[in-house]
Amino acid sequence: MAAGGSGGRASCPPGVGPGAGGGPGPSANAAPAPGNAAAAAAPAPAAPGPPPQVSGPGAQAAAGGERAAEEPGAAALLREPVYNWQATKPTVKERFAFLFNNEVLCDVHFLVGKGLGAQRIPAHRFVLAVGSAVFDAMFNGGMATTSTEIELPDVEPAAFLALLNPWQPGAPSPCLGTGLFRTPHIRGLTLCVLLCLLLSLSTVLSGSGPVGARGGPSVFILCGQWSFGRSNLMFLYSDEVQIGPETVMTTLYTAKKYAVPALEAHCVEFLKKNLRADNAFMLLTQARLFDEPQLASLCLENIDKNTADAISAEGFTDIDLDTLVAVLERDTLGIREVRLFNAVVRWSEAECQRQQLQVTPENKRKVLGKALALIRFPLMTIEEFAAGPAQSGILVDREVVSLFLHFTVNPKPRVDFIDRPRCCLRGKECSINRFQQVESRWGYSGTSDRIRFSVNKRIFVVGFGLYGSIHGPTDYQVNIQIIHTDSNTVLGQNDTGFSCDGSASTFRVMFKEPVEVLPNVNYTACATLKGPDSHYGTKGLRKVTHESPTTGAKTCFTFCYAAGNNNGTSVEDGQIPEVIFYT
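Residues numbered from 1 in each chain as written. Predicted model: local features only at pLDDT ≥ 70, side-chain atom pairs only at ≥ 80, totals over all residues. Heavy atoms only, no water.

J.: Just to check I follow, could you spell out the overall build of the chain for this structure?
T.: For the chain, the count of helices and strands is 19 helices and 15 strands. A buried classification covers 51% of the 583 residues belonging to the chain. Here the analysis covers contacts within the chain between residues at least 6 apart in sequence; of these, 74% occur between residues at least 24 apart. A total accessible area of about 25,600 Å² is found for the chain, and carbon and sulfur atoms account for 52% of it. (Helix = DSSP H or I, 4+ residues; strand = E, 2+ residues; numbered from the N terminus. Buried < 20%, exposed > 50% of the residue type's maximum accessible area, 1.4 Å probe, protein only. Contact = heavy atoms within 4.5 Å. Areas by Shrake-Rupley, 256 points an atom, 1.4 Å probe, with all protein chains shown as cover.)

J.: What should I look at first to understand the packing of helix α11 (residues 280-289) against helix α12 (residues 293-305) in this one?
T.: Between two packed helices, what matters for the description is the angle formed by their axes and the separation of those axes. Packing of α11 against α12 brings their axes to within 9 Å, and their N-to-C directions diverge by 155°. Taken together, α11 and α12 sit at an angle that is classed as roughly antiparallel. Here α11 runs over α12; the crossing is left-handed. Counting all contacts with α11, which are made through Ala280, Phe281, Leu283, Leu284 and Ala287, the residues of α12 involved are Leu295, Ala296, Cys299, Leu300, Asn302 and Ile303. (Axes fitted to C-alpha atoms, helices over the stretch in contact; angles between N-to-C directions. Parallel < 35°, antiparallel > 145°, perpendicular 65-115°, else oblique. Left-handed = near helix turned anticlockwise from the far one by under 90°.)

J.: What should I look at first to understand the side chain of His546 in this one?
T.: Along the chain, His546 turns up in strand β13 (residues 543-547). For His546, a relative accessible area of 18% gives the class buried. Look past the residues within four positions of His546 in its chain and what remains in contact with it is Cys430, Ser431, Ile432, Ala553, Lys554, Thr555 and Phe581.

J.: What is the right way to read helix α14 (residues 321-328) from this model?
T.: Of all the residues in α14, the buried ones are Thr323, Leu324, Val325, Val327 and Leu328. Buried residues along α14 sit in contact with α11, α12, α15 (337-354) and α16 (361-368). Two to three positions downstream of the cap, the backbone nitrogen of Asp322 sits 3.1 Å from a side-chain oxygen, assigning the N-cap of α14 to Asp320. (Polar contact = N/O pair within 3.5 Å; in protein donor to acceptor, adjacent residues only side chain to side chain.)

J.: How do you make sense of the environment of Leu379 when you look at a structure like this?
T.: Take Leu379: it is sitting in the loop between α16 and α17 (382-387). Remark: the alpha-carbon pair of Leu379 and Phe417, spanning 38 residues in sequence, is separated by 9.8 Å. Residues in contact with Leu379, not counting those within four places in the same chain, are Arg336, Glu337, Asp419, Arg420, Pro421, Arg422, Lys512 and Glu513.

J.: Got a minute to help me understand the side chain of Glu578 in this structure?
T.: By the secondary structure assignment, Glu578 is in strand β15 (residues 578-582). Among buried charged residues, Glu578 stands out as having no salt bridge; its nearest opposite-charge side chain is Arg508, 6.5 Å away. Non-local contacts of Glu578, meaning those with residues more than four positions away in its chain, are made with Ser431, Ile432, Asn433, Gly463, Phe464, Gly465 and Thr506. (Lys, Arg positive; Asp, Glu negative; His and termini not counted. Salt bridge = Lys/Arg side-chain N within 4 Å of Asp/Glu carboxyl O.)

J.: Help me understand the sheet that holds strand β8 (residues 474-484), please; the structure alone is not making it clear to me.
T.: By definition, the strands of a sheet pair up through backbone hydrogen bonds, in either a parallel or an antiparallel sense. Read across the open sheet, the six strands follow the order β9-β8-β11-β6-β14-β13; overall the sheet is antiparallel. Of all the strands in the sheet, the pair left with one neighbour each is β9 (489-500) and β13. Each strand axis lies, on average, 25° off the axis of its neighbour in the sheet, ignoring direction. Relative to strand β14 (residues 554-560), strand β6 (residues 449-455) is paired through four bridges, and the arrangement is antiparallel. By the bridge assignment, Arg452 is partnered in β14 with Cys560. (Pairing = 2+ DSSP bridges.)

J.: Where do I start with the sheet that holds strand β7 (residues 459-467) in this structure?
T.: On the basis of which strands lie adjacent, the open sheet formed by four strands has the order β4-β15-β7-β10 and antiparallel pairing. Either end of the sheet is taken by a strand with one partner, and the two such strands are β4 (430-433) and β10 (506-517). Sheet twist, expressed as the mean angle between neighbouring strand axes with direction ignored, is 25°. Across five bridges, β7 lies against β15 in antiparallel orientation. Note that in β15 the partner of Phe464 across the bridge is Val579.

J.: When you look at unusual backbone geometry in this model, what are you seeing that I'm missing?
T.: Apart from glycine, the bulk of residues carry a negative phi angle, and the bulk of peptide bonds sit in the trans form. Within the chain, Lys539 stands out as a residue other than glycine whose phi angle is a positive 55°. Turning to its location among the elements, Lys539 is positioned in strand β12 (residues 534-540). Looking at Lys539, the relative accessible area reads 52%, which means it is exposed. Unusually for a residue other than glycine, Ile576 sits at a positive phi of about 55°. Take Ile576: it is sitting in the loop between β14 and β15.

J.: What's the story with the packing of α15 against α16 in this structure? I'm lost.
T.: Running from amino to carboxyl end, α15 crosses α16 at an angle of 95°, the nearest separation of the two axes being 9 Å. The pairing of α15 with α16 is recorded here as roughly perpendicular in orientation. Together, Val344, Val345, Trp347, Ser348, Glu349, Glu351 and Cys352 of α15 and Asn363, Lys364, Val367 and Leu368 of α16 make up the contact between the two elements.

J.: Please clarify how the packing of aromatic side chains should be interpreted in this entry.
T.: The way to describe two aromatic rings as a pair is by their centre distance and the angle between their planes. Using the criterion set out here, one finds 17 aromatic pairs in the structure. Seen from their ring centres, Phe385 and Phe407 are 5.4 Å apart, and the 50° between their planes marks the pair as tilted. Here Phe385, found in helix α17, pairs with Phe407, found in helix α19 (residues 397-408); they are 22 residues apart in sequence, far enough to count as distant. Phe407 matches Phe385 in its accessibility class, with the two residues each being buried. Linked through ring pairs, Phe341, Phe377, Phe385, Phe404, Phe407 and Phe417 together constitute an aromatic cluster. (Phe/Tyr/Trp six-rings, centres within 6.5 Å; stacked < 30°, edge-to-face > 60°.)

J.: Would you mind showing me how to read the environment of Gly492 here?
T.: Considering the arrangement of structural elements, one finds Gly492 in strand β9. The exposure class of Gly492 is buried, given its relative accessible area of 4%. Sequence-wise, Gly492 and Ile382 are 110 residues apart; in three dimensions their C-alpha atoms are separated by 9.9 Å.

J.: Looking at this structure, I do not really get helix α5 (residues 133-140). What am I missing?
T.: Structural remark: α-helix, 3.6 residues per turn; residues separated by three or four positions point the same way. Burial in α5 covers these residues: Phe135, Met138 and Phe139. One side of α5 holds all its buried residues, which, seen down the axis, span an arc of 85°. (Arc of directions from axis to C-beta.)

J.: Would you mind going over a nonpolar patch on the surface with me for this structure?
T.: A cluster of nonpolar side chains, Val401, Leu405 and Val409, forms an exposed patch at the surface whose accessible area comes to about 220 Å². With respect to the secondary-structure elements, Leu405 resides in helix α19. Residue Leu405 is classed as partly exposed on the basis of its relative accessible area, which comes to 40%. (Patch = residues over 30% accessible without salt bridge, like charges linked within 9 Å, V, L, I, M, F, W, Y side chains within 5 Å.)

J.: Honestly, the pattern of salt bridges in this entry has me stumped. Any pointers?
T.: One pass over the structure, following the stated rule, counts 17 salt bridges. Residues Arg330 and Asp304 are paired through a salt bridge, measuring 2.6 Å at the closest nitrogen-oxygen approach. Of the two residues, Arg330 sits in the loop between α14 and α15 while Asp304 sits in helix α12, which places them 26 residues apart along the sequence. Residues Glu351 and Arg354 are paired through a salt bridge, measuring 2.9 Å at the closest nitrogen-oxygen approach. With a gap of three residues between them, Glu351 and Arg354 both fall in helix α15, about one helical turn apart. Arg354 gets classed as partly exposed once you look at its relative accessible area, which sits at 24%. Where salt bridges share partners, they join Asp318, Glu351 and Arg354 into one cluster.

Structure below.
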């Protein structure tokens, strides 16, 4: 493809050039019939001035080919000698690549744009139909078009030419930005160019117009130098695909829309390799928009594993309400509920601004809609709830009162919010026991048994193993907690009970949700039991190591005396013999 002069003129494909008034040049109005291509494509004399720069597969394949000239009022045209051009292309792939965006053997033209700005773009029905069931239906189906010219009046010529041009590495996409999968404004829709371009093609057959996304316009403005699609039709002509971060989502949409599964597979594989926590929400939104369930599933799995990083990313506040609901419904998010609530509040503030509403507690509740009921407030500690949601103004008084009662009384009253834990953990459950021997008679008078500990790696504590009664089968009421020692913050707790059988075994008491424990940080394990005298442990170990039987990875616990009233529990003897955790 020959570029225009240095004055910023748009480059044109073979056989296409803007006329003096911006319309089709002479070559565009004199497209040869397939059988007359040789006569019509004879080289033209070169015009004065610097030679045009040639690019594109046809130009690259034409070693020794003649450069054609700029006619007065027309852009430079690439004209290779047509007679016996096949001799220089030894493979079918090279011969088809030569035909890409070329008047040679062309049997259909796309009339792109309106008025003086319209241009005439060559293509080949057979090649498009072989590569795409959609194009096959367009040209060969029961309601196939018989026209040799397909009008796309709502598409800018520059955008369609970019669709036909081979992808050029490093060409930035104004729509998707220079960062990986980053869109400055998903909701608006920055993908409008894609939808306009592709849906305009379907309009030829169906008569339907473009469909705007949520809040998106029904008439789209096209970017003049948009880099989307430069590899898409090239893939149909040569099986070559060059996917970059700025083009992968639009290429995926095109592959799905035009039924090219091989290209779709390339895109999905690219996304698998490049999906990260900081782009997971943005990709999830687009996957739902494009109806790409495999990609959506990958995004959700990434969000499950990296929830804290994902909700902190810039793209989180840009997602739509349905996507937010889909995430909040999951039982596998790896984050404390209070942090999730804070992220949802950030989203509601951004949504108020998008809807041009004043950012007030009432409007935050309004824009959250059904998402609010998916916040699992009962999984918070009473301290977390009192310091955050209870004072946010988003909950009404009745909801605040019922949740406080849920936290403080037994039996717990019913609340309108889900109390099912989010089980974010994978792998095998682990446990360590810090005592080497069990003795009898440990009494309780309402004081908490407490022991301080730290670990050498990040883990999630899901519960404790506690000793039970020495008097046979008995039920205990118990409150368990993990406290951040330095700040005295309760990170996890549960008011519950357990039944024992009178043996010296330990009995599991679990937290409402996993408690994240970071390496080399001091925590205090607490258990307040109400019941008869129990067994207790002796000959305690200050350091206990758990080694994974499959990987050999070691998790090292260090136990220390917890200062204050601890009901006698220490490193050497007492309660809380067992810590149950996941790595």
